[in-house]
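# Commentary on secondary and tertiary structure
Spelled out from the first residue to the last, the chains are:
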Amino acid sequence: MSGIAIHKFTTAHPGDVSALKALPESTNVQDLLAVIGKTEGNGCVNDFTRMLSSTVWDPHLEASSGISVFSGGTEGVLSPHVSLVVKEEDYLNEDGSKMYSEGLVAKVGGTRDFEPWEMGTAIQAKVTADSIKKLMEELEVEADDVHMVLVKCPLLTTAKVVASAKKCITTDTYKSMGYSRLATAVGIALALGEVTEDGIEDALESYGERGWSSRASCSSGAELENCHIVILASSKKASNPYRALHGYMADAIDLKALLDLTSKIPASAERVQIFVKAEPSTDGVVRGKRHTMMTDSDIQGTRHARAAVGGLVAGVWGETDVYVSGGGEGQGPMGGGSVCIVYKV
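Residues numbered from 1 in each chain as written. Predicted model: local features only at pLDDT ≥ 70, side-chain atom pairs only at ≥ 80, totals over all residues. Heavy atoms only, no water.

### Examining the overall build of the chain
Per the secondary structure count, the chain includes eight helices and 14 strands. Reported as C-alpha extents along the three principal axes, the dimensions of the chain are approximately 60 × 45 × 40 Å. Out of the 345 residues in the chain, the part that is buried amounts to 59%. If you take every contact in the chain between residues at least 6 apart in sequence, the share linking residues at least 24 apart comes to 83%. On the chain, roughly 14200 Å² of surface is accessible, and the fraction owed to carbon and sulfur atoms is 50%. The chain carries 32 positive and 45 negative side-chain charges, and their two centres are separated by 3 Å. (Helix = DSSP H or I, 4+ residues; strand = E, 2+ residues; numbered from the N terminus. Buried < 20%, exposed > 50% of the residue type's maximum accessible area, 1.4 Å probe, protein only. Contact = heavy atoms within 4.5 Å. Areas by Shrake-Rupley, 256 points an atom, 1.4 Å probe, with all protein chains shown as cover. Lys, Arg positive; Asp, Glu negative; His and termini not counted. Charge placed at Lys NZ, Arg CZ, Asp CG, Glu CD.)

What follows is the structure, given as structure tokens:
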């Protein structure tokens with residue numbers, strides 16, 4: 001089994017694909033599995049920087065059947081960037097034996113397109129779960145091997161709501177982003193055994209409080225009608241120096257969780273990337289103190305959360321081109337968020 005390599009590059013603008021020229025000479029564009037990026041838009045329904053980035057990158061992914069996942073919003077110190085996930089042959093010794101006893105592997109794919117009335121519902125969760133399970137089978141990994149399932153999911157626009165054959169979960173396009181992320185996250189939790197099929201409705205009704213995944217990272221956008229899925233997992237069948245850790249922040253200022261995870265990285269290892277979800281706690285408090293992220297009429301709450309958590313993560317990681325995505329419904333405990341760290345030994 002061949003593994004992967006991950007290469008990270010900052011971008012000058014949403015249409016910047018210069019990272020392709022910066023890849024190692026040994027890398028073929030046909031080996032490109034996924035482009036995971038942060039763009040400098042508002043991260044909301046009308047964030048067209050995501051669409052621009054997808055439009056310029058997708059033609060380069062056609063030969064490899066790769067996918068793009070772009071998360072909008074680089075508030076505060078966050079820097080726009082892309083992480084390129086590429087297939088890489090196993091590292092072998094001169095005698096043909098494995099150089100490493102394990103390695104990081106990845107699989108990408110997608111669901112079918114969703115009808116507007118399916119978004120944010122148990123249907124979206126189950127369809128997403130089925131697609132993830134199939135990809136895991138093809139990757140030959142178990143749920144315990146998986147460190148992150150990163151998904152780009154669709155949202156509702158006014159045109160979709162008007163044209164829908166059935167009543168949609170909401171007519172508020174911004175709220176639809178959260179409902180779609182939640183249903184996707186519940187689907188991930190179902191695929192990984194973190195919730196049961198009987199618990200889907202409870203997880204959705206509680207907005208993720210009674211059913212969530214510590215390995216889900218979901219962002220929504222108007223640039224697609226289905227879910228784009230990236231699975232990162234460890235495998236003893238692979239041989240490469242890439243490793244991953246996962247956990248979660250209990251709230252937006254959970255420095256201890258970040259330090260605990262980063263302390264497990266060997267001192268001699270190279271830090272590759274950190275993926276973190278962030279959200280404003282819906283109860284309006286952080287450790288008993290009132291916050292105003294949800295009541296600011298000028299700036300959406302997810303933008304506040306990205307800026308706050310982004311500064312914390314960047315300070316710990318030592319770099320600003322970190323993947324911090326807003327809207328953590330069902331992706332860790334309420335007010336917190338999932339964390340996945342990738343490093344190279």
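### Details of the sheet that holds strand S8 (residues 228-235)
Taken in spatial order, the four strands of this open sheet run S5-S8-S6-S7, and their pairing is mixed. On the outer flanks of this sheet lie strand S5 (103-110) and strand S7 (216-221), each paired with one strand and no other. The sheet shows a mean angle of 15° between the axes of neighbouring strands, taken without regard to direction. In the sheet, S5 pairs with S8 via eight bridges, with the strands oriented antiparallel. Paired with Gly103 across the two strands is Ser235, which belongs to S8. Most of the contacts of helix H5 (residues 173-191) go to S7, to which it runs at about 150°, and overall it touches strand S6 (146-154) and S7. (Pairing = 2+ DSSP bridges. Axes fitted to C-alpha atoms, helices over the stretch in contact; angles between N-to-C directions.)

### Examining helix H3 (residues 122-139)
Given a rise of 1.5 Å per residue, 18 residues ought to cover 26 Å, and the 25 Å separating the end C-alpha atoms of H3 matches this to within 8%. Inspection of H3 places Ala122, Gln124, Ala125, Val127, Thr128, Ala129, Ser131, Ile132, Leu135, Met136 and Leu139 among the buried residues, and these make up the whole buried set. Lining the buried residues of H3 we find S5, S6, H5, helix H6 (200-205) and S8. (Expected span 1.5 Å × (residues − 1).)

### Concerning the pattern of salt bridges
In the structure shown here, the tally under the stated rule is 17 salt bridges. With a shortest N-O distance of 2.8 Å, Arg306 and Glu75 are connected by a salt bridge. Taken together, the residues span a long stretch of sequence, with Arg306 in helix H8 (residues 301-317) and Glu75 in the loop between strand S3 (67-72) and strand S4 (81-88) at a distance of 231 residues. Taking relative accessible area as the criterion, Arg306 reaches 2% and is therefore assigned buried. Notably, a salt bridge pairs Asp251 with Arg287, separated by 2.7 Å at the nearest N-O pair. Of this pair, Asp251 sits in the loop between strand S9 (242-249) and helix H7 (255-262) while Arg287 sits in the loop between strand S11 (285-286) and strand S12 (289-290); the two residues are 36 residues apart in sequence, bridging distant segments of the chain. Its relative accessible area of 15% is what places Asp251 among the buried residues. With a relative accessible area of 54%, Arg287 lands in the exposed category. Each of Asp47, Arg50, Lys152 and Glu223 takes part in one network of salt bridges that share partners. (Salt bridge = Lys/Arg side-chain N within 4 Å of Asp/Glu carboxyl O.)

### Focus: the sheet that holds S4
Strand pairing in a sheet relies on backbone hydrogen bonds, with the paired strands running either antiparallel or parallel. An order of S1-S4-S2-S3 is seen for the four strands of this open sheet, with the pairing classed as mixed. In the strand order of this sheet, the two ends are held by strand S1 (3-10) and S3, each with one partner. Averaged over all pairs of adjacent strands, the angle between strand axes in this sheet comes to 15°, irrespective of strand direction. Across eight bridges, the pairing between S1 and S4 is antiparallel. Within S4, the residue paired with Lys8 across the bridge is Ser83.

Honestly, that's just the spatial picture; any functional story needs more than this.
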